[in-house]
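Okay, here's what each chain looks like letter by letter:
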Amino acid sequence: MDDFSGCAAVVTGGASGIGLATAQLLADRGARVACLDLRPDGLPSPLLGFAADVTDDATVRRAVAAVADTLGGLDIVINNAGIGAVGSVEANPDAEWHRVLDVNVVGIVRVTRAALPYLRRSAHAVVVNTCSIAATAGLPERALYSASKGAVQSLTLAMAADHVREGVRVVAVNPGTVDTPWVRRLLDATADPAAELAALRARQPTGRLVSSAEVAAAIAYLASPQAGATTGTVLAVDGGMHGLRMRPPTAT
Ligand code: NAI
């Protein structure tokens, strides 16, 4: 399939996990793709790496301009860079709240702000934000992370309204727990990684983690020119976690 032929895309956090899977899928389907990440080393061909920290406005502006220059414009922005935070509302000091919100929320603001002048010149401009099930479901020990993703969901809708008449669509995906290097790091940090993995699997009605490829496919659908009538939409890719209420597996 080459439905992204002629499109130029930038994927933040494109060097790992969901971002890398998305960048590869868009490239496989014909897009010219740049990965903007802290250290975008060792990317598979034909992905192009651009080093930038989404918390640094000047660096972001330079990187987005360099991406647009290199790719000959910009049609698709995938705001995917993000970091986690564990604990209740009592767990983290102010500095950590500012750090996580700076990456997960203001990072999207910086990248989108820098990209909009290019997107306005595109025939099918779209911004896809990687949000989370944490935006819509109360999860234990995720106060800060959930606050950041709740803000991402609201920001998605507000940006969709602001830019719809300029021909720029803004959408989001809400993944459940995805089997990425991030989640593997979280598991490794627990006392019993096998038990923690079993608990994460059991939390999802499908009984398994979501794959990066499944989230990438959802992002690609939303980003594709065929989804031109879809904006302000948040697509759950969560193994049914948001909408379903299951009986325990042993019950009949
Ligand atoms: P990952 O840790 O495998 O990849 C994240 C990438 O973002 C890394 O390459 C990292 O270097 C980059 N990054 C982090 N901070 C950055 C910064 N300041 N500037 C530029 N790049 C930065 O993580 P994963 O799991 O692929 O997560 C990607 C997105 O998906 C995040 O926004 C996360 O919140 C979201 N998400 C992940 C879920 C999961 O279960 N893995 C579930 C729901 C949402």
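Residues numbered from 1 in each chain as written. Predicted model: local features only at pLDDT ≥ 70, side-chain atom pairs only at ≥ 80, totals over all residues. Heavy atoms only, no water.

1. Details of the side chain of Asn80
Argument step 1. Tracing the backbone shows Asn80 in the loop between strand E4 (76-79) and helix H3 (94-119).
Argument step 2. Sequence-distant contacts of Asn80, defined by excluding residues within four places in its chain, comprise Thr12, Gly13, Ile18, Gly19 and Thr130. (Helix = DSSP H or I, 4+ residues; strand = E, 2+ residues; numbered from the N terminus. Contact = heavy atoms within 4.5 Å.)

2. Considering the nonpolar core
Within soluble globular proteins, side chains that are nonpolar tend to cluster in buried spots.
Argument step 1. Ranked by size, the top nonpolar core spans 33 residues in total, and within it Val10, Leu36, Val64, Val67, Leu74, Val77 and Leu119 carry the most contacts.
Argument step 2. Counting residues per element, this core draws most heavily on H3, at eight residues.
Argument step 3. If sequence neighbours within four positions are ignored, Val67 has contacts with Val10, Ala34, Phe50, Gly72, Gly73 and Leu74. (Core = buried A, V, L, I, M, F, W, Y, C linked by side-chain atoms within 4.5 Å. Buried < 20%, exposed > 50% of the residue type's maximum accessible area, 1.4 Å probe, protein only.)

3. Notes on the state of the cysteines
Argument step 1. In the structure shown here, the tally under the stated rule is zero disulfides.
Argument step 2. In this model Cys7 remains outside any disulfide bridge; the closest cysteine sulfur is found in Cys35, 16 Å from its own. (Disulfide = S-S within 2.5 Å.)

4. With respect to the sheet that holds strand E5 (residues 125-130)
Argument step 1. Taken together, seven strands build an open sheet; the order of strands is E3-E2-E1-E4-E5-E6-E7 and the sheet is parallel. Looking along the sheet, the strands with just one partner apiece sit at the ends: strand E3 (48-51) and strand E7 (234-237). Neighbour-to-neighbour, the strand axes of the sheet open up by a mean angle of 20°, direction not taken into account.
Argument step 2. As judged from the five bridges shared by strand E1 (residues 8-12) and strand E2 (residues 32-37), these two strands associate in the parallel manner. (Pairing = 2+ DSSP bridges. Axes fitted to C-alpha atoms, helices over the stretch in contact; angles between N-to-C directions.)

5. Details of the packing of helix H2 (residues 57-71) against H3
Argument step 1. At their nearest, the axes of H2 and H3 sit 9 Å apart, and the two run at 35° to each other. H3 is crossed by H2, and the crossing has right-handed handedness. Across the interface between the two elements, Asp57, Val60, Arg61, Val64, Ala65 and Ala68 from H2 touch Arg110, Val111, Arg113, Ala114, Ala115 and Tyr118 from H3.
Argument step 2. A per-class count over the contact of H2 with H3 returns eight nonpolar, no polar and four charged. (Left-handed = near helix turned anticlockwise from the far one by under 90°. Nonpolar A, V, L, I, M, F, W, Y, C, P; charged D, E, K, R; others polar.)

Note that every value here comes from positions in space, so none of it alone points to a role or purpose.
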